[in-house]
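The residues making up each chain are set out below.
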Amino acid sequence: MLQRKYTDNRGLLVVVSGPAGVGKGSICRELARTDGGPDVSISETTRPMRPGDEADVTYYFVDREKFESRISEDYYLEWARVYDNYYGTPRARIEEKLEAGTDVILEIDPQGAESIRKNFPSAVTVFIMPPSVTELRARITGRGSETEDQLVKRLSCAKDEIEQAPRYDYIIVNRENSLGRSVSELQAVITAEHLRTSRITAQDSRED
Ligand code: 5GP
């Protein structure tokens, strides 16, 4: 009997962006902890460590010289300059994970998202939105890791980033005290995307 087998074997590449302080890190980490949850890529950066950062967990911290030489070696899946520092996604691990069927989240800025849209059209892009700019300001101030100068710079960048939200496939508003809801919404996006007809590979198989 001829049977069609519908399967989506490859992992999904999921881009998550959103302004600093919106809580995208917490959403991604929480989802990664669930059973069969996605892997969250660890980026390399040249920015100095901040309080709360953990080397090789939050980021791989590298110097500018090393980063620039890796750009020329095509080591990064994508990279960008954000707030005068370099940030990049190491390529090898991502390709391995996707091939093995694991979903991978890239927590990257809108420039990185644009480069992924161009080079990986099957990627899904999600923007995490604060309920309001006032709320975002309160969250960044509450984190206590920014000087006044950095705060002003970050808020102005946040406004620019929010303008990019319509370019994303999905928008999740991360409301106050609603981490669980945002995590479920991100999970729902990933589940639905796996069920997309265009993503499912139809294979003919014979059953005796
Ligand atoms: P932060 O310094 O606050 O950790 O991150 C600053 C910005 O850089 C955030 O928007 C974050 O999503 C972005 N970012 C972190 N890693 C990467 C990366 O590998 N590539 C790109 N393009 N952006 C990144």
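So, how was this worked out
Per chain, residue numbering runs from 1 following the sequence as it is written. Local features are withheld for residues below a pLDDT of 70 in this predicted model, meaning they are given only at 70 or higher, and side-chain atom pairs are given and counted only at 80 or more; totals for whole chains, interfaces and linings count all residues. To obtain the side-chain values, all non-hydrogen atoms of the structure were used and water was disregarded. One bridge is not enough; two strands pair if DSSP finds at least two bridges between them. Elements are defined by DSSP. Helices are runs of H or I of four residues or more, strands are runs of E of two residues or more, and each kind is numbered from the N terminus. Contacts: residue pairs with any heavy atoms within 4.5 Å of one another. The axes are straight lines fitted to the C-alpha atoms, using for helices just the contacting stretch, and the angles between their N-to-C directions are given from 0 to 180°. Throughout, nonpolar core names a set of buried Ala, Val, Leu, Ile, Met, Phe, Trp, Tyr and Cys residues whose side chains join them through atoms within 4.5 Å. For the exposure calls, accessible area comes from a 1.4 Å probe over protein chains only, and a residue counts as buried if that area is under 20% of its type's maximum, exposed if over 50%, partly exposed in between. Arc, as used here, means the arc of the directions from the helix axis to the C-beta atoms. Roughly parallel means an angle under 35 degrees; roughly antiparallel means over 145; roughly perpendicular covers 65 to 115; every other angle is labelled oblique. Crossing handedness is defined as follows: a turn of the near helix away from the far one that is anticlockwise and smaller than a right angle gives a left-handed crossing, while the clockwise case is right-handed. Near, as used in this document, describes a residue that has one of its heavy atoms within 4 Å of the molecule or strand being considered. For this analysis, a polar contact is any N or O atom pair within 3.5 Å, provided that within protein one partner can donate a hydrogen and the other can accept it, and provided that sequence-adjacent residues contribute only side-chain to side-chain pairs. Only the protein chains shown count as cover for residues, and all accessible areas are computed by the Shrake-Rupley method using a 1.4 Å probe. Polar here means any residue outside two lists: the nonpolar Ala, Val, Leu, Ile, Met, Phe, Trp, Tyr, Cys and Pro, and the charged Asp, Glu, Lys and Arg; Gly therefore counts as polar. Here a Phe, Tyr or Trp ring, Trp counted by its six-membered ring, pairs with any other such ring whose centre lies within 6.5 Å, and the pair is stacked when the planes are under 30 degrees apart, edge-to-face when over 60, and tilted otherwise. As a reminder, the over-ring test applies to NZ of lysine and CZ of arginine, requiring each to be within 6 Å of the ring centre and within 35 degrees of the ring normal. We count a salt bridge whenever a side-chain nitrogen from Lys or Arg sits within 4 Å of a carboxyl oxygen from Asp or Glu.

Caption draft 1: Molecular detail of the sheet that holds strand S2 (residues 13-17). Spatial strand order, S3-S8-S2-S9-S10: 5 strands in an open sheet with parallel pairing. Edge positions in the open sheet fall to strand S3 (39-40) and strand S10 (170-173), since each of these has one partner strand only. Alignment of S3 against strand S8 (residues 104-107), held across 2 bridges, turns out to be parallel. Paired with Asp39 across the two strands is Val104, which belongs to S8. Here helix H7 (residues 179-194) sits on the sheet in contact with S2, S8, strand S9 (124-129) and S10, set at roughly 165° to S10.

Caption draft 2: Looking closely at the nonpolar core. Val14, Val16, Ile105, Val126, Ile128 and Leu186 are the most contacted members of the largest nonpolar core, which has 21 residues in total. Of all the secondary structure elements, the ones that give two or more residues to this core are S2, helix H1 (24-33), S9, helix H5 (133-143), helix H6 (148-163) and H7. In terms of residue count, H7 provides more of this core than any other element does, 4 residues in total. Apart from residues no more than four positions distant in its own chain, Val16 is found in contact with Lys24, Cys28, Ile105, Leu106, Glu107, Ile108, Val126, Ile128 and Leu186. Of all hydrophobic cores here, the second largest spans 15 residues; its members include Val15, Leu77, Phe127 and Tyr168.

Caption draft 3: Examining helix H4 (residues 110-119) more closely. Where H4 is concerned, the buried positions are Pro110, Gly112, Ala113 and Ile116. Each buried residue of H4 sits inside an arc of 155° when the element is viewed along its axis, so together they form one side. On its buried face, H4 sits against S2, strand S6 (76-82), S8 and H6.

Caption draft 4: Structural detail: the packing of H1 against H7. For the pair H1 and H7, the least separation of the axes is 9 Å and the interaxial angle reads 65°. Taken together, the axis directions place H1 and H7 in an arrangement best described as roughly perpendicular. The two elements H1 and H7 meet at a crossing, and its hand is right-handed. The segment H1 lies against H7, with Ser26, Ile27, Glu30 and Leu31 engaging Leu179, Ser182, Val183, Leu186, Gln187 and Ile190.

Caption draft 5: Here's a closer look at the site of the ligand. In the neighbourhood of the ligand, 18 residues make up the surrounding shell, with Ser43, Arg47, Tyr59, Tyr87 and Asp109 lying closest. Here an oxygen atom of the ligand sits 2.6 Å away from a polar atom, N or O, in the side chain of Arg47. At 2.7 Å from a nitrogen atom of the ligand is found a side-chain nitrogen or oxygen belonging to Glu78. Surface burial for the ligand is 95%, taken as the share of its 510 Å² of free accessible area covered by protein chains. Counting only elements with at least two residues in the shell around the ligand, the list comes to S6, strand S7 (85-90) and H6. Residues that form the shell around the ligand fall into these classes: 6 nonpolar, 4 polar and 8 charged.

Caption draft 6: Up close: the pairing of S8. Relative to S8, S2 runs parallel, the two sharing 4 bridges. Residue pairing across strands places Val16 opposite Glu107, the latter belonging to S8.

Caption draft 7: Geometry of the packing of aromatic side chains. Within the structure shown, the criterion is met by 7 aromatic pairs. If you follow Arg70 out to its NZ or CZ, it ends over the ring of Tyr75, 4.2 Å from the centre. Above the ring of Tyr168, the side-chain terminus of Arg117 is found at 4.7 Å from the ring centroid.

Caption draft 8: Geometry of the pattern of salt bridges. In total, this model carries 15 salt bridges according to the counting rule given. In this structure, Glu99 engages Arg10 in a salt bridge whose closest nitrogen and oxygen atoms are separated by 2.7 Å. Within this pair, whereas Glu99 is found in helix H3 (residues 91-99), its partner Arg10 is found in the loop between strand S1 (2-7) and S2, the two being separated by 89 residues in sequence. Measuring nitrogen to oxygen at the nearest pair gives 2.8 Å for the salt bridge that ties Arg196 to Glu193. Residue Glu193 is classed as buried on the basis of its relative accessible area of 3%. Salt bridges sharing partners connect three or more residues here, namely Asp39, Arg93 and Lys97.

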